[in-house]
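Chain by chain, the residues run as shown.
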Amino acid sequence: MSDLSSLFAEVELLSSRQVSRANLNMSTCSLEHPNGQEADSVPAKRLCKGECAQDGSVGGGGGKASRAVEVSIVIPVHNASCWLDECLQGIVDQDYTGSMELSVYDDASTDGSRAIVEGWRERLERRGVSMVISGHDSAQPRGVGHAKNQAVSQSSGKYLCFQDADDVMMPQRIHLQYEACLFNSTSVYTSHGPTVIMPTWFCSRDWFHCVGTFDEGGKGVPEDLLWFYQSVGQGGGVVRVDQCLLVYRYHQQAATHSVLEETIWNLRVAFLQERVINQWESFTIWNAGKQGRKLYRCLSSFSQKKVRAFCDVDVNKIKKGFYTYEESKERPKPHIPVLHYRDASPPYIICVKLVSRESVCASVCPVVRCSRSYLRQVGNLC
């Protein structure tokens, strides 16, 4: 099953690139700073666009910027003391030779995270990396979206390199993504697994301002996924740098655990309907099992009527001949045929559950066309 998951993961990745590159048009976007003003108060001899300190934030300065900053490394921090040394060492080890700054926003840490970052200031500046840090010491954190927005706002680089405090950059990350971004005005990322992982994003400041800020709903809100969908919705593209550029740390304290699987599912289905299904007259759902049926039930009635059939390789499912949507208020209730994959016709939406030792992730991806030999390959893997 692991080989099948990898194959579906790659199909999803290719499909994401195909959908997100459609209708690229940046001319309709305003590329002005969302605040439209300089900060009221900035550290001495430090250029810092946006609001460096607000709503009770505690600012922090430092470092003379001798030249315009090309790349700002954006790091939101909340109680990350046990990860920060490795994270910051990864920045020092970058082989990029252009100008860089580190922009950190401390979201009410209580474990000394901010002091650890400050302790790296001299080493970073010796490497040529200037640093700006601010934060707040309120009783409760304001969330990852807020921290990212503040870190972006106080930074000044032409390009934004997003990084989580518990992850580690590979030495070549910034220079490879910077070079890729010079030839593409939209986000650049490298993928670890079947989804677009936020800590690998790298984009121009202009494009970030065009798309808008992160959602600040706080705990349980997938601010990165919402921003990604907004970027694609505005015609943004996705480009993968085909190298491992970051060590993504998966642990129980990670903010990602606060986002429910059902929340991610509902957002994906809504995006799939808006960007893909609405453009099709009909389609086939690949998977007549639990995940395929769940996808069907979550579709709008308008989208459900476009489902031509389910297809599968499981003989027992195919023998049933059809799936009855028992919860439907329609009379008679919808009966959707269940076909063998050899008898199905495109376009397809592949719906598969990706299983790892740590997590279970339901995934859907559109496939517009594929060959019979490809379908046989998938069938053989099952």
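Now for a look at the structure at hand. Source: prediction; values computed, not measured.

Right, let's talk about the overall build of the chain for a bit. Scanning the chain for helices and strands turns up 13 helices and 16 strands. Expressed as a percentage of its 382 residues, the buried residues of the chain come to 51%. For the chain, the share of sequence-separated contacts (at least 6 apart) that also reach a separation of at least 24 residues comes to 76%. In the structure as shown, the chain presents an accessible area of about 17900 Å², 50% of it carried by carbon and sulfur atoms.

Next up on the list: the pairing of strand β14 (residues 335-340). Taken together, the three bridges between strand β12 (residues 307-312) and β14 define a ladder with parallel strand orientation. Looking at the pairing, Phe310 lines up with Val338 of β14. Two strands pair when backbone bridges link them, and strand β13 (residues 322-324) and β14 are joined in this way by three bridges, in the antiparallel orientation. Considered in β14, the bridge of Phe322 is made with Pro337.

The first and last C-alpha atoms of helix α9 (residues 261-275) sit 21 Å apart over 15 residues, in line with the 21 Å expected at 1.5 Å per residue. Trp265, Arg268, Val269, Phe271, Leu272 and Gln273 are the residues of α9 that are buried.

What follows is about empty space enclosed by the protein. Taken as a whole and assessed by the stated rule, the structure comprises one cavity of 30 Å³ or more. The space that makes up the largest cavity amounts to roughly 60 Å³. Lining the largest cavity are 10 residues; nearest its centre among them are Ser187, Trp201, Phe228, Gly237 and Val238. Here the lining of the largest cavity takes four residues from helix α8 (residues 223-233), the largest share from any one element. Residues of the lining of the largest cavity, tallied by class, amount to seven nonpolar, three polar and no charged.

Burial along strand β11 (residues 283-286) is two-sided: Phe283 and Ile285 and Thr284 and Trp286, pointing in opposite directions, are all buried. Looking at chain direction, β11 and β12 are connected through four bridges and run parallel. Each residue of the ladder has a partner; that of Trp286, found in β12, is Cys311.

In the structure shown here, the tally under the stated rule is zero disulfides. Note on Cys87: no disulfide assigned, nearest cysteine sulfur contributed by Cys161 at a separation of 10.0 Å.

In this section: α8. Buried residues of α8: Glu223, Leu225, Trp227, Phe228, Tyr229, Ser231 and Val232, and no others. One or two steps after α8, the chain reaches Gly235, where phi turns positive at roughly 95°.

Moving on, we come to the nonpolar core. In terms of nonpolar packing, the biggest core is built from 33 residues, with Val71, Ile73, Ile75, Leu102 and Ile174 touching the most fellow members. Put simply, the parts of the chain that give this core at least two residues each are β2 (71-77), α2 (81-92), β3 (100-107), β4 (129-136), β5 (159-162) and α6 (173-182). Ranked by residue count, the leading element in this core is α2, at six residues. With residues near it in sequence (within four places) discarded, Ile75 still touches Cys87, Ile91, Leu102, Ser103, Val104, Tyr105, Ala151, Gln163, Asp164 and Ala165. Core analysis: the next-biggest nonpolar cluster, separate from the first, contains 22 residues, Ala147, Val152, Cys210 and Val238 among them.

Packing of α9 against helix α10 (residues 290-298) leaves a shortest axis separation of 11 Å and a crossing angle of 65°. Taken as a pair, α9 and α10 cross one another with a handedness that is right-handed. Between α9 and α10, the residues in contact are Glu262, Trp265, Val269, Leu272 and Gln273 and Gln291, Lys294, Leu295 and Cys298, respectively. Taken together, the residues that form the contact of α9 with α10 break down as five nonpolar, two polar and two charged.

Along the chain, the position of Arg121 falls in helix α4 (residues 121-126). By relative accessible area, Arg121 is classed as buried at 14%. Engagement of the side chain of Arg121 in a polar contact is seen with the backbone oxygen of Met131, the distance being 3.4 Å.

In this section: the environment of Ser303. Relative to the helices and strands, Ser303 resides in helix α11 (residues 301-304). Sequence separation of Ser303 and Trp280 is 23 residues, and the distance between their C-alpha atoms is 9.4 Å. Ser303 has contacts with Gln273, Ile277 and Phe283, leaving out every residue within four places of it along the chain. A distance of 2.8 Å separates a polar atom in the side chain of Ser303 from a polar atom in the side chain of Gln273.

To continue, consider the packing of α8 against α9. Where α8 contacts α9, the axes come no closer than 11 Å and their chain directions differ by 5°. Here α8 is positioned roughly parallel relative to α9, judged by the angle of their axes. Where α8 approaches α9, its residues Leu225, Leu226, Tyr229, Val232 and Gly233 are matched on the opposing element by Ile264, Leu267, Arg268, Phe271 and Arg275. For the contact of α8 with α9, a count of residues per class yields seven nonpolar, one polar and two charged.

The next subject is the packing of aromatic side chains. As enumerated under the stated definition, the model contains 19 aromatic pairs in all. Centroid distance Tyr96 to Tyr178: 5.1 Å. Interplanar angle 55°. Geometry classified as tilted. Here Tyr96 is found in the loop between α2 and β3, whereas its partner Tyr178 is found in helix α6, with 82 residues between them in sequence. Assigned by exposure class, Tyr96 and Tyr178 land together as buried. Ring centres of Phe208 and Phe214 lie 5.6 Å apart, and the angle between their planes is 50°; this geometry places the pair in the tilted category.

Calculation rules
- Residues numbered from 1 in each chain as written.
- Predicted model: local features only at pLDDT ≥ 70, side-chain atom pairs only at ≥ 80, totals over all residues.
- Heavy atoms only, no water.
- Helix = DSSP H or I, 4+ residues; strand = E, 2+ residues; numbered from the N terminus.
- Buried < 20%, exposed > 50% of the residue type's maximum accessible area, 1.4 Å probe, protein only.
- Contact = heavy atoms within 4.5 Å.
- Areas by Shrake-Rupley, 256 points an atom, 1.4 Å probe, with all protein chains shown as cover.
- Pairing = 2+ DSSP bridges.
- Expected span 1.5 Å × (residues − 1).
- 1 Å grid on protein atoms, 1.4 Å probe; cavity = no way out; pocket = protein on both sides within 12 Å on 5 of 7 lines; lining within 4 Å.
- Points joined across faces, edges and corners; volume = space filled by probe spheres on them.
- Nonpolar A, V, L, I, M, F, W, Y, C, P; charged D, E, K, R; others polar.
- Disulfide = S-S within 2.5 Å.
- Core = buried A, V, L, I, M, F, W, Y, C linked by side-chain atoms within 4.5 Å.
- Axes fitted to C-alpha atoms, helices over the stretch in contact; angles between N-to-C directions.
- Left-handed = near helix turned anticlockwise from the far one by under 90°.
- Polar contact = N/O pair within 3.5 Å; in protein donor to acceptor, adjacent residues only side chain to side chain.
- Parallel < 35°, antiparallel > 145°, perpendicular 65-115°, else oblique.
- Phe/Tyr/Trp six-rings, centres within 6.5 Å; stacked < 30°, edge-to-face > 60°.

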